[in-house]
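Breakdown of the fold
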Protein chains: 2
Amino acid sequence: MTTTRERIITSTEPVFDAHGFAGIGVDRLTEAAGVSSRTLYKHMGSKTGLIAAVLDARRDRFSRVFAVSTVDELFDALASWVRSEGARGCLFLRALGEDGHGVAEVEHAVAEYRELLHRVMASIVERETGGADELLAEQLLVVFEGATSAASYRGQRAVDAARAAARSLVVART
Amino acid sequence: MTTTRERIITSTEPVFDAHGFAGIGVDRLTEAAGVSSRTLYKHMGSKTGLIAAVLDARRDRFSRVFAVSTVDELFDALASWVRSEGARGCLFLRALGEDGHGVAEVEHAVAEYRELLHRVMASIVERETGGADELLAEQLLVVFEGATSAASYRGQRAVDAARAAARSLVVART
DNA sequence: ACAGAGGTAAAACGCTCGTGGTACATTGGT
DNA sequence: ACCAATGTACCACGAGCGTTTTACCTCTGT
C-alpha cells in the first residue's frame, strides 16, 4: 500500500527533473500528483519541504540501485538508470544551484547524497583493489559524475566511455 | 571601452551562477548591473535574451581560457578557473535544466558550447597521441565534465584527480 | 548652441506565485 | 449508525514576477 505522501513524492520527482525547481509552480505539481493543493500542503508543509522530501527519496532509490561492488556493476546500474529515466544532470547539483544554497533542508539532503556517493566509490575501490586508495576513489567519483552530466547530451556513449575509463584506472593502480 | 551591453552581461553572469536562472528576479539583475530596467530591456530585449547573451559570452570566455593543446594545460586552466570563479557545476547544463528545454535561444547557446567542448577534447587527443581517437576524446570529455561537477563540493581535489586520470588514460592509449 | 543619443527613476500593467481558508464528500472502524 | 480521518473543489490573499510606459536628465559632436 502506498500512502498519499509517497504518491506525491514519486509523481512530482520526474516533474522537478524535467522542469527544475524554481521554475515550476505548485499547481503543476498538484496536478501531476493528482492531489489538491490543500492535501499537498498538509503532507509536505511547503514547496521547500516537498523538494527536500523528493531529494531524500531519490537518494534512497539511488542507494538501492547503486548498492554495487564492482566498476562494471556500477556502470551497468548507471546505464539502465539512464535508459529508463533519461539523464538531465545530477538533480542534487541542480537543486543546489537553483537557490538551494542557504536552504538548510535542501543543503542537508544534498550533503547526504554526496556522502553516500563517496562511500559507494570507496567500497568499490576496496573490492577491486583489496585496499583503500583515496586517489582512485576520487577518480571514480569524477568519472561517475562526468558520465551523469555528459550522458545528458552524449547519451550512452558517455556511459560506455566512462566505464572503459574507470576500468583502465583501476587496472593502472593494481 | 566597455559598452553598456557588455557591462550588463559581465555583471549579471555571476548572479545567475550564484542563484540560478528561474529563481532570480530582473530587479536583482538590474541592481547588479547598476542599470535601470528600461536600459536592460533596451539592450537585451527580454530576460531570456539576457540569459542567452550571458551564455554566449561565457562560451566565448571559455573558448579563450581553454584554447589548450595538452591534458596538463587543460587542467591547469580548469584549476585556475575554479580558483578564481569557484565551481557550481556546468552553467549550461543548469540553464537547460531550469526549463531552458524548449527555449530556442538557450538551447542554441548550450549546443554551441557543447560542440566547442568536444572540439577542444578532440584537438588535445590529436596533439597528445598524434591521431584521432574517438573513445579517448569521449573519455576526456567525461573526465572534464566530472571535474567541473565534483569540484563544486570536492574542490581542487577533484581537479587533481581528474588530471591524473586523464593523463593515465592518454598513456594507456599510446 | 543645440539636437540627439542614451541614460535615469518611478510607477503601473496583467499575471502567476506560494500559501491558507472554507465548506463539502468519501470511507473505514467500532 | 456514526465519528474521525482524509480527501476534494474553489477562492482569496499579499507578494513578486517580467515587461512597458511616462517623464526627465546628461552628456557629446558639430
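Nothing here was measured: the structure is a model prediction, and the numbers come from that model.

Our focus in this paragraph is the protein's contact with DNA strand D. Near DNA strand D lie 15 residues; those nearest to it are Thr4(A), Thr39(A), Val26(B), Arg38(B) and Lys47(B). The share of sugar and phosphate among atoms of DNA strand D within 4 Å of the protein is 62%. In this structure, a phosphate oxygen belonging to DNA strand D sits 3.4 Å away from a main-chain N or O atom of Gly34(A). Here a phosphate oxygen of DNA strand D sits 2.7 Å away from a polar atom, N or O, in the side chain of Tyr41(B). Elements with a contribution of two residues or more to the surface near DNA strand D: helix H3 (37-44) of chain A together with helix H2 (26-33) and helix H3 (37-44) of chain B. With 3 residues, the top contributor of residues to the surface near DNA strand D is H3(B). Residues belonging to the surface near DNA strand D are distributed by class as follows: 4 nonpolar, 8 polar and 3 charged.

Let us look at the side chain of Glu98(A). When you line up the elements, Glu98(A) lands in helix H6 (residues 91-100). Nearest to the buried, unbridged Glu98(A) among oppositely charged side chains is Arg94(A), at 5.1 Å. Residues in contact with Glu98(A), not counting those within four places in the same chain, are Gly20(A), Phe21(A), Ala22(A), Gly23(A), His19(B) and Glu98(B).

Take the interface of chain A and chain B next. Contact residues are listed per partner, giving 40 residues for chain A and 40 residues for chain B. In total, about 3,100 Å² of surface goes out of reach between chain A and chain B, with carbon and sulfur atoms giving 61% of it. The largest share of the area that chain A buries against chain B comes from Leu93(A), Val142(A) and Tyr153(A), three residues that together contribute 19% of it. For the interface between chain A and chain B, the tally reads 3 salt bridges. If you look at where chain A meets chain B, you find 14 residue pairs in polar contact (both at pLDDT 80 or more). Going through the elements one at a time, helix H1 (4-19), H6, helix H7 (104-129), helix H8 (134-154) and helix H9 (156-172) of chain A are the ones with two or more residues in the side of chain A that touches chain B. Per-class residue counts for the side of chain A that touches chain B are 18 nonpolar, 12 polar and 10 charged.

On to unusual backbone geometry. Look at Asp99(A): it is not a glycine, yet its phi comes out positive at around 65°. As for its placement among the helices and strands, Asp99(A) is situated in helix H6.

Moving on, we get to the relation of the copies chain A and chain B. Each copy of the sequence occupies a distinct position, and chain A is placed on chain B by a rotation of 180° and an axial shift of 0.0 Å, giving an RMSD of 0.0 Å. Taken together, the rotation and translation describe the operation of a two-fold axis. Among all C-alpha atoms of chain A, that of Gly146(A) lies closest to the rotation axis, at 1.7 Å.

A separate point is the pattern of salt bridges. All names here are of chain A. Inspection of every chain in the model, using the stated rule, returns 27 salt bridges over all chains. Put simply, Arg58 and Glu13 hold a salt bridge, and the shortest N to O gap is 2.7 Å. Within this pair, whereas Arg58 is found in helix H4 (residues 47-65), its partner Glu13 is found in helix H1, the two being separated by 45 residues in sequence. According to the relative accessible area criterion, Arg58 is buried, its value standing at 8%. Residue class for Glu13 comes out buried when judged on its relative accessible area of 7%. Here Arg94 makes a salt bridge to Asp17, at a shortest N to O gap of 3.0 Å. Here Asp17 lies in helix H1 and Arg94 lies in helix H6, a separation of 77 residues in the sequence.

Moving on to the packing of aromatic side chains. To describe a pair of aromatic rings, one takes the distance between the centres and the angle between the planes. One pass over the full model with this rule turns up 18 aromatic pairs over all chains. Centroid distance Phe66(A) to Phe144(A): 5.4 Å. Interplanar angle 85°. Geometry classified as edge-to-face. On the criterion of sequence distance, the pair formed by Phe66(A) in the loop between H4 and helix H5 (71-85) and Phe144(A) in helix H8 is long-range, its members being 78 residues apart. Phe66(A) sits in the buried class, given a relative accessible area of 2%. Assessed through its relative accessible area of 2%, Phe144(A) is described here as buried. Seen in terms of ring centroids, Phe75(B) and Phe144(B) are 6.5 Å apart; in terms of plane orientation they differ by 55°. Their pairing is tilted. Taken together, the residues Phe75(B) in helix H5 (residues 71-85) and Phe144(B) in helix H8 (residues 134-154) connect sequence positions 69 residues apart. Looking at Phe75(B), the relative accessible area reads 1%, which means it is buried. Taken together through their ring pairs, the aromatic side chains of Phe62(A), Phe66(A), Phe75(A), Trp81(A), Phe92(A), Tyr113(A) and Phe144(A) make up a single cluster.

Procedures and definitions
Residues numbered from 1 in each chain as written. Chains lettered and ligands numbered in written order. Predicted model: local features only at pLDDT ≥ 70, side-chain atom pairs only at ≥ 80, totals over all residues. Heavy atoms only, no water. Near = heavy atom within 4 Å. Polar contact = N/O pair within 3.5 Å; in protein donor to acceptor, adjacent residues only side chain to side chain. Helix = DSSP H or I, 4+ residues; strand = E, 2+ residues; numbered from the N terminus. Nonpolar A, V, L, I, M, F, W, Y, C, P; charged D, E, K, R; others polar. Buried < 20%, exposed > 50% of the residue type's maximum accessible area, 1.4 Å probe, protein only. Lys, Arg positive; Asp, Glu negative; His and termini not counted. Salt bridge = Lys/Arg side-chain N within 4 Å of Asp/Glu carboxyl O. Contact = heavy atoms within 4.5 Å. Buried area = accessible area lost by both parts, 1.4 Å probe. Least-squares fit on C-alpha atoms with pLDDT ≥ 70 in both. Phe/Tyr/Trp six-rings, centres within 6.5 Å; stacked < 30°, edge-to-face > 60°.

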